[in-house]
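# Coordinates in review
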Amino acid sequence: MRAEIRCLDPADVLRAHKIAKEAYPAEEAPSRENLANLHKVACDLFLGFFEDDKLVAFICGSRYHGHHVTNESFETHLPNGETVIIHCLCTHRSRRRRGIALALLRTFVNHLQVAVPITRRILLLCHAYHIPVFTRAGFVFVDEVQLCLGPRKWYEQEYIFFSANNETMTLFTESDDAFSETITPSELSTWPSSGSRSSIMSIRDS
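These notes cover the structure that comes with them. Because the structure is a prediction, the values reported are computed rather than measured.

### Structural notes on the overall build of the chain
- Broken down by element type, the chain carries 5 helices and 10 strands.
- Here the chain, with 206 residues, has 46% of them falling under the buried criterion.
- Taking the contacts inside the chain whose residues are at least 6 apart along the sequence as the reference set, 66% of them involve residues at least 24 apart.
- For the chain, the computed accessible surface area is about 10,600 Å², with 51% contributed by carbon and sulfur atoms.

Here you go:
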């Protein structure tokens, strides 16, 4: 089996919606229309994990100006926003508990840090039981938030990027251990450009 992580094509959005609809409660799941509209304006913020060219997990987001998640930040995409708001991170039920979501999240962070240097932070909302998962990926707990997103409590998590000026950057790998690699700003040009259909990461099934 061949696995890869790459940007989603418009044709992949329908499959992404099916995965999200199954993964989230009805009051939290994005509509097909909302996903399609978001992909039109922020396709570089849609990454998918594919197995033999079939989408099994995806992550998507939008851009905004501001340091915290708000209702407006979920409804407004600002192309030059320095903050990326993660809208969805979900895996097909048959592929869960295999580290795919964590690998996808880490690749998303790397993708933004290198290919889209205007990004200064990533924000997301999660429920309490998911906080340790995002902590493993380098996110920091911020606070509980009050938003109109269903009856359950939401907690804001934040990932802050270092400046690219004469500093090294830490890149997560797809493995679930603590190993990471560092690169210098002069090496940033080797990372795949955003919006490219080519694989950002290829993974062999050993």
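### Side note on helix H1 (residues 13-23)
- Within the sequence span of H1, burial applies to Val13, Ala16, His17, Ile19 and Ala20. Buried residues in H1, looked at end-on, bunch into an arc of 160°, giving them a common side. Opposite its buried face, H1 presents the exposed residues Lys18 and Lys21, each directed more than 90 degrees away.
- Of the surrounding secondary structure, the elements contacted by the buried residues of H1 are helix H2 (32-41), strand S3 (54-64) and strand S4 (83-91).

### A few points about the packing of aromatic side chains
- Under the defined criterion, the tally for this structure stands at 4 aromatic pairs.
- An angle of 70° between the planes, with centres 6.1 Å apart, marks the rings of Phe134 and Phe139 as edge-to-face.
- With relative accessibility at 3%, the residue Phe139 sits in the buried group.
- Cluster of aromatic residues (ring-pair linked, three or more members): Phe134, Phe139, Tyr159 and Phe161.
- Of note, Arg6 hangs over the ring of Phe50, and the distance from its end group to the ring centre comes to 3.8 Å.

### Examining the nonpolar core
- Grouped together as the largest cluster of nonpolar side chains are 44 residues, with contacts concentrated most on Phe49, Phe58, Ile86, Phe108, Ile122 and Phe139.
- Element by element, the count of residues in this core is highest for helix H4 (residues 100-115), at 7 residues.
- Core analysis: the next-biggest nonpolar cluster, separate from the first, contains 8 residues, Val69, Ile85, Val145 and Leu147 among them.

### Some details on the pattern of salt bridges
- If you walk through the whole model with that rule in mind, you get 10 salt bridges.
- Residues Arg6 and Asp12 are paired through a salt bridge, measuring 3.4 Å at the closest nitrogen-oxygen approach. Just as Arg6 is buried, Asp12 falls in that class too.
- Glu22 serves as the salt-bridge partner of Arg93, at 3.9 Å between the closest nitrogen and oxygen. Linking Arg93 in the loop between S4 and H4 with Glu22 in helix H1, this pair joins segments that are 71 residues apart in sequence.
- Residue Arg93 is classed as exposed on the basis of its relative accessible area, which comes to 53%.
- Look at the salt bridges and you will find they share partners, linking Arg2, Glu4, Arg6, Asp9, Asp12 and Asp53 into a network.

Criteria and cut-off values
Residues numbered from 1 in each chain as written. Predicted model: local features only at pLDDT ≥ 70, side-chain atom pairs only at ≥ 80, totals over all residues. Heavy atoms only, no water. Helix = DSSP H or I, 4+ residues; strand = E, 2+ residues; numbered from the N terminus. Buried < 20%, exposed > 50% of the residue type's maximum accessible area, 1.4 Å probe, protein only. Contact = heavy atoms within 4.5 Å. Areas by Shrake-Rupley, 256 points an atom, 1.4 Å probe, with all protein chains shown as cover. Arc of directions from axis to C-beta. Phe/Tyr/Trp six-rings, centres within 6.5 Å; stacked < 30°, edge-to-face > 60°. Lys NZ or Arg CZ within 6 Å of the ring centre and 35° of its normal. Core = buried A, V, L, I, M, F, W, Y, C linked by side-chain atoms within 4.5 Å. Salt bridge = Lys/Arg side-chain N within 4 Å of Asp/Glu carboxyl O.

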